[in-house]
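One-letter residues, chain by chain:
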Amino acid sequence: MRTTLLIAALAAGLAMAGPASAQNAAPDLQATPADDSFTESHLAAAQDVIDLTKSDQGFDDILPRLADQTRAVFIRSNPALTREIEETVMEVAISFAQRRVELSKTMQLIWARRFTEAELNELKAFFGSPVGTKFAEETPVITALSIGAARQWEQQLSAAMVEETRAKLREAGLL
């Protein structure tokens, strides 16, 4: 329940913060002077591709998760102040919500450094198409299944390697 309330409150805070491209967020820590050379349209194209690919979707839980962790740390050391701690953490988390644009700006720069504006517009056209939309929706599932398959293959290969090595060492009379 608390997490749901926190997420709703943070969403409201993000809405008040406005679109990422309209904010003057601090660039990433690895920013270079060349970052100033990106046009607003280049960064907007990067943001469009980020949105279409849902590349930043997995990051929306960072602030609520940090708020829960912070709340737990303080309550563990001061359980008598639970209500006050929860209220204070919620207040701080809501005030931090507008900082989400910092991550958005960093992601725009990451994409803009790797793709020209024209390339981003091509990607935007692709990911805006039905097959591009399907690709973006299916990629997390395909990636998870691929990782699972690779881990299973690795485990099978590991067991086979141990068995074959053991057999060869026995054959050589070393075991």
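Residues numbered from 1 in each chain as written. Predicted model: local features only at pLDDT ≥ 70, side-chain atom pairs only at ≥ 80, totals over all residues. Heavy atoms only, no water.

## Observations concerning the overall build of the protein
Here is the rule we go by: Secondary structure elements follow DSSP: runs of H or I of four or more residues count as helices, runs of E of two or more count as strands, with numbering from the N terminus. The buried label goes to any residue with under 20% of its type's maximum accessible area, the exposed label to any with over 50%, and the partly exposed label to all in between, with areas taken from a 1.4 Å probe on protein chains only. In this description, contact between two residues means that some pair of their heavy atoms is separated by no more than 4.5 Å. Computed with the Shrake-Rupley method and a 1.4 Å probe, the accessible areas treat only the protein chains shown as cover for residues.
For the protein, the helix and strand inventory stands at seven helices and zero strands. Reading the protein from its N end, one meets helices and strands in the order α-α-α-α-α-α-α. By residue count, 23% of the 175 residues in the protein fall in the buried class. Considering only residue pairs separated by 6 or more positions, the protein has 78% of its internal contacts joining residues 24 or more positions apart. Element-wise, carbon and sulfur atoms account for 61% of the exposed surface of the protein, whose accessible area totals about 12,100 Å².

## A word on the packing of aromatic side chains
This is how it is decided: Any two rings among Phe, Tyr and Trp, with Trp reduced to its six-membered ring, count as a pair given centres within 6.5 Å; such a pair is stacked if its planes are under 30 degrees apart, edge-to-face if over 60, and tilted if neither. Note on geometry: a ring has a charge over it if NZ (lysine) or CZ (arginine) is within 6 Å of the ring centre and within 35 degrees of the ring normal.
In total, this model carries four aromatic pairs according to the counting rule given. Aromatic pair F126 and F127: ring centres 4.9 Å apart, planes at 70°, arrangement edge-to-face. The class of F126 is partly exposed, set by a relative accessible area of 34%. Judged by relative accessible area, F127 falls into the buried class, the value being 9%. Taken together through their ring pairs, the aromatic side chains of F126, F127 and F135 make up a single cluster. Positioned above the aromatic ring of F96 is the side chain of R99, whose terminal nitrogen or guanidinium carbon lies 4.9 Å from the ring centre.

## Here's the deal with the confidence of the model for the protein
To keep it simple, the criterion reads: Per residue, pLDDT captures the predictor's confidence, and it can take any value from 0 to 100.
Overall, the predicted model of the protein reaches an average pLDDT of 85, with 79% of residues at or above 70. Taken element by element, the predicted model of the protein shows its lowest mean pLDDT in helix α1 (residues 2–17) (45) and its highest in helix α6 (residues 117–128) (98). Confidence drops under a pLDDT of 50 for residues 3–29, and excluding neighbours within four residues, the segment shows 40 contacts in the predicted structure.

## Overview of the pattern of salt bridges
How we decide: What counts as a salt bridge is simple: a side-chain nitrogen of Lys or Arg found within 4 Å of a carboxyl oxygen of Asp or Glu.
Scanning the entire structure with this criterion turns up nine salt bridges. We note a salt bridge from K124 to D48, for which the minimum N-O separation is 2.8 Å. Of this pair, K124 sits in helix α6 while D48 sits in helix α2 (residues 40–53), and the two are 76 residues apart along the sequence. What makes K124 partly exposed here is its relative accessible area of 34%. By relative accessible area, D48 is classed as partly exposed at 28%. A salt bridge links R65 to D61; the shortest N-O distance between them is 3.9 Å. Since its relative accessible area comes to 40%, D61 is described here as partly exposed. Residues joined in a network through salt bridges with shared partners are D56, D60 and R100.

## Details of unusual backbone geometry
For residues other than glycine, phi is negative in most cases, and the peptide bonds are mostly trans. Here K54, not a glycine, exhibits a phi torsion of approximately 55°, which is positive. Tracing the chain through its elements places K54 in the loop between α2 and α3 (62–77).

## Some points on the side chain of D56
Note that D56 resides in the loop between α2 and α3. Setting aside chain neighbours within four positions, we find D56 in contact with Q47, I50, R100 and M107.

## Focus on the nonpolar core
Operational definition: In plain words, nonpolar cores are sets of buried Ala, Val, Leu, Ile, Met, Phe, Trp, Tyr and Cys residues tied together by side-chain atoms within 4.5 Å.
Listed in full, the nine residues of the largest apolar core are A45, A46, V49, I50, M107, W111, L120, F127 and A136. Where this core is concerned, the elements lending two or more residues are α2, α5 (100–114) and α6. Ranked by residue count, the leading element in this core is α2, at four residues. When neighbours within four sequence positions are excluded, V49 is seen to be in contact with W111, L120, L123, K124 and F127. A67, I75, I85 and A93 belong to the second largest nonpolar core, which has five residues in total.

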